[in-house]
Amino acid sequence: MRVLFVASECDPWVKTGGLGDVVAALPAALARAGVEVRVCLPFYRSVRRQVDAARSCATVLGTVIREARLPSGVPVYAVDAPWLFDRDGGPYQDRSGQDWADNGARFGLFGRVSAILASAESPLTWRPDIWHGHDWQAGLGPLWLKNGLARPAASLMTIHNLAFQGLFPPNLVATLGLPPATYAVEGAEFYGQLSFLKAGLHYACALTTVSPRYACEIQEETHGCGLQGLLRRRAGDLTGIVNGIDEQVWDPARDPLIEARYDARDCAGKRLNKESLQRRFGLSIDPARPLLVTVSRLTWQKGIDIAVGVADAWVEAGGQWIVLGSGEPDLEATVRALADRHPQAIAAHIGFDETLAHRLEAGADLFLMPSRFEPCGLNQMYSQRYGTLPVARATGGLADTIEDVDGDGATGTGFLFDEASPAGLWGALARALSVYRDPPRFAALRARAMSRHFSWEQSAARYADIYERLSRAPC
Ligand code: ADP
Ligand code: GLC
């Protein structure tokens, strides 16, 4: 079975969120399960800088296809189009946080090239059975596979976040040379705009998303982002497969990025990690104070404003909070102002810092994720591995991967709440606080969380089943 993985991020070369982690880890897990996977990525400047040798092996539509290898050994086809991808800044935005004005052209060409590589028109000898694309940036791939390419691979589209749709003005249809008939309600048109994501969801042979609960939620208006009708119609082709985590990278017993390593049997290192965080951030150095952390994009999705709404009460109750993240300027400013107001209890690090993310997981007592919606979420799984109990909203993958602690703490691995409001969140924090104040109970809960496994193997097997099914009966 040969699979071409088509995505806009892949850790460690380019990552803005969980998509980068998944595109790094899942192909490696699939390869262990016997699937032959290659990853197709844009050849961004950041990739060019990190890849030693990227031999050119073909040209497609004026782009150069370069071969490289991920640290895991998985082969990569990087689409080199310097006028689109060789620039400073992020994969989607410039340094000031503005979307690149030519994102439609950038990912339009990327999707089309990926589709050609999965058809008889590919100049490569390696030909996939399955084209597997991720999120809107890959969305035009299935459209091209279904419209004129010879002997196309079967296609699978994975939704990591339905809220990002890749919407562009209709004149892009002509600019990209899309067959005019594809710009239709039964196609890539979405309320007068060209939707890359809708194209993917309409034309792909099968669909997945990153948790079973989110697979249900996106068929309803609240989380369907206007695509609930299409998704309901395609419910029979839609599967929710929960993400795993890379248990090599996220393992407190072996993590080279943290100061003191520890495991479920001996958590002494965790105390040292906590003290060092309190010192580094100028918080009062006190092992008894519950330390809550957040590592997140600072956006509406993540419910940061909900967390801000309980911050004063949390400090009042003796708690501390460290936030690592970046995103919407007003949320960054709000979090900074809170830290200024409570210098010994709240700290903010605005930016993206992988090492610090590991240290926060290792040193904290509790991890906060008050997301309004969360297709899967990875940090709640990292947190359980690190004995940092998640406090999270019962939505999407958070509800699927955290077992809520019952009244007396005899079962469960975290604290879930339903209502997306400060009052809702406070209910969960108050429960966490009461268990925290009973150290033997808290230690037992922590040990239970640390014993859970979230490896990729099971999920990879489920993707492999879908590939098998599609290769027998493509659409
Ligand atoms: P999303 O993809 O919606 O942002 P996930 O929970 O799936 O959410 O994944 C987020 C990933 O990005 C995690 O690996 C998390 O540790 C990482 N991350 C997010 N913000 C930061 C940051 N400011 N610094 C370091 N890592 C971050
Ligand atoms: C998206 C989602 C997140 C998910 C990640 C990886 O960015 O917001 O919940 O974990 O993709 O699938």
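As the structure is a prediction and not an experimental result, all values here were calculated from the model.

Analysis parameters
Residues numbered from 1 in each chain as written. Chains lettered and ligands numbered in written order. Predicted model: local features only at pLDDT ≥ 70, side-chain atom pairs only at ≥ 80, totals over all residues. Heavy atoms only, no water. Helix = DSSP H or I, 4+ residues; strand = E, 2+ residues; numbered from the N terminus. Rg over C-alpha atoms; globule rule 2.2 N^0.38 Å. Buried < 20%, exposed > 50% of the residue type's maximum accessible area, 1.4 Å probe, protein only. Contact = heavy atoms within 4.5 Å. Areas by Shrake-Rupley, 256 points an atom, 1.4 Å probe, with all protein chains shown as cover. Lys, Arg positive; Asp, Glu negative; His and termini not counted. Charge placed at Lys NZ, Arg CZ, Asp CG, Glu CD. Near = heavy atom within 4 Å. Polar contact = N/O pair within 3.5 Å; in protein donor to acceptor, adjacent residues only side chain to side chain. Nonpolar A, V, L, I, M, F, W, Y, C, P; charged D, E, K, R; others polar. Domains from an automatic or database assignment. Buried area = accessible area lost by both parts, 1.4 Å probe. Salt bridge = Lys/Arg side-chain N within 4 Å of Asp/Glu carboxyl O. Pairing = 2+ DSSP bridges. Right-handed = clockwise from strand over helix to strand, strands pointing away. Phe/Tyr/Trp six-rings, centres within 6.5 Å; stacked < 30°, edge-to-face > 60°. Axes fitted to C-alpha atoms, helices over the stretch in contact; angles between N-to-C directions. Expected span 1.5 Å × (residues − 1).

(A) The arrangement of the overall build of the chain in detail. Of the regular secondary structure elements, the chain holds 19 helices and 18 strands. Relative to a compact globule of 475 residues, whose C-alpha radius of gyration would be 23 Å, the chain shows 23 Å and is just as compact. With respect to the principal axes defined by its C-alpha atoms, the chain has extents near 65 × 45 × 40 Å. Put simply, the chain has 475 residues, and 59% of those count as buried. Sequence separation of 24 or more characterises 70% of the internal contacts of the chain that already satisfy a separation of 6 or more. Of the roughly 18200 Å² of accessible surface on the chain, 51% is carried by carbon and sulfur atoms. Taken together, the 48 basic and 53 acidic charged side chains of the chain have centroids lying 4 Å from each other.

(B) Geometry of the site of ligand 2. Taken together, 13 residues sit near ligand 2, with His160, Asn243, Glu374, Cys376 and Gly377 positioned nearest. A distance of 3.0 Å separates an oxygen atom of ligand 2 from a polar atom in the backbone of cysteine 376. Backbone polar atom of glycine 377 to an oxygen atom of ligand 2: 2.7 Å apart, as the coordinates give it. Grouping the constituent residues of the shell around ligand 2 by class yields five nonpolar, six polar and two charged.

(C) Region of the structure containing the domain arrangement of the chain. Domains assigned within the chain are domain 1 (2–244 + 456–472) and domain 2 (268–450). A separation of 32 Å is found between the C-alpha centroids of domain 1 and domain 2. Of the roughly 1400 Å² buried between domain 1 and domain 2 on both sides combined, carbon and sulfur atoms contribute 58%. Here domain 1 is connected to domain 2 by one salt bridge. Residues lysine 15 and glutamate 354 are paired through a salt bridge, measuring 3.6 Å at the closest nitrogen-oxygen approach. Counting across the interface, domain 1 meets domain 2 through eight residue pairs in polar contact (both at pLDDT 80 or more).

(D) Just the pairing of strand E15 (residues 346–350), in detail. Pairing between strand E14 (residues 320–327) and E15: five bridges, direction parallel. Looking at E15, one finds that isoleucine 322 is bridged to alanine 347. In terms of handedness, the path from E14 via helix H13 (residues 329–341) over to E15 forms a crossover that is right-handed.

(E) Here's a closer look at the packing of aromatic side chains. Counted according to the given criterion, the structure contains 13 aromatic pairs. On the basis of an interplanar angle of 55 degrees and a centroid distance of 6.0 Å, the ring pair of tyrosine 77 and tryptophan 126 is categorised as tilted. Placement of the pair is tyrosine 77 in strand E5 (residues 75–80) and tryptophan 126 in the loop between helix H4 (103–117) and strand E6 (130–134), with a sequence separation of 49 residues. Here tyrosine 77 falls in the buried class, since its relative accessible area comes to 3%. Note on tryptophan 126: relative accessible area 5%, which makes it buried.

(F) Representation of the sheet that holds strand E8 (residues 167–168) in the model. Pairing is antiparallel across the open sheet formed by three strands, whose spatial order is E8-E10-E9. Only two strands of the sheet have a single partner each, and these edge strands are E8 and strand E9 (189–190). Strand direction decides the pairing type here: E8 and strand E10 (residues 193–195), joined by two bridges, are antiparallel. In the sheet register, leucine 167 faces E10, and the bridge partner there is serine 195. Sheet contacts for helix H7 (residues 196–203): E8, E9 and E10; angle to E10, the most-contacted strand, approximately 55 degrees.

(G) View of H4. Counted at 1.5 Å a residue, the expected span for H4 with its 15 residues is 21 Å, and the 21 Å between its end C-alpha atoms agrees. The buried fraction of H4 is high, at 13 of 15 residues.

(H) A look at the site of ligand 1. Every one of the 19 residues lining ligand 1 counts as a neighbour, but Gly18, Arg297, Lys302, Gly351 and Leu378 are closest to it. A distance of 3.4 Å is found between an oxygen atom of ligand 1 and a side-chain nitrogen or oxygen belonging to aspartate 21. With three residues, the single largest contributor to the shell around ligand 1 is strand E13 (residues 291–298).

(I) Structural view of the pattern of salt bridges. All chains considered together, the criterion is met by 31 salt bridges. One salt bridge in this structure joins aspartate 86 and arginine 45, with 2.8 Å as the shortest N-O distance. In this pair, aspartate 86 is assigned in the loop between helix H3 (82–85) and H4 and arginine 45 in helix H2 (residues 45–50), connecting sequence segments 41 residues apart. Given the relative accessible area of 25%, aspartate 86 is considered partly exposed. With its nearest N and O atoms 3.9 Å apart, the salt bridge here joins glutamate 403 to arginine 452. Of this pair, glutamate 403 sits in the loop between helix H16 (396–401) and strand E18 (415–417) while arginine 452 is found in the loop between helix H18 (439–450) and helix H19 (457–472), placing the two residues 49 residues apart along the sequence. On the basis of relative accessible area, glutamate 403 is assigned to the partly exposed category, the value being 40%.

(J) Highlighting the sheet that holds strand E16 (residues 366–369). On the basis of which strands lie adjacent, the open sheet formed by six strands has the order E15-E14-E13-E16-E17-E18 and parallel pairing. Edge positions in the open sheet fall to E15 and E18, since each of these has one partner strand only. Each neighbouring strand pair of the sheet contributes to a mean axis angle of 15 degrees, computed without reference to strand direction. Two strands pair when backbone bridges link them, and E13 and E16 are joined in this way by two bridges, in the parallel orientation.

(K) Geometry of the side chain of glutamine 380. Along the chain, the position of glutamine 380 falls in helix H15 (residues 379–385). Note on glutamine 380: relative accessible area 0%, which makes it buried. Apart from the residues within four sequence positions on either side, glutamine 380 is in contact with Met369, Pro390, Gly397, Leu398, Thr401 and Ile402.

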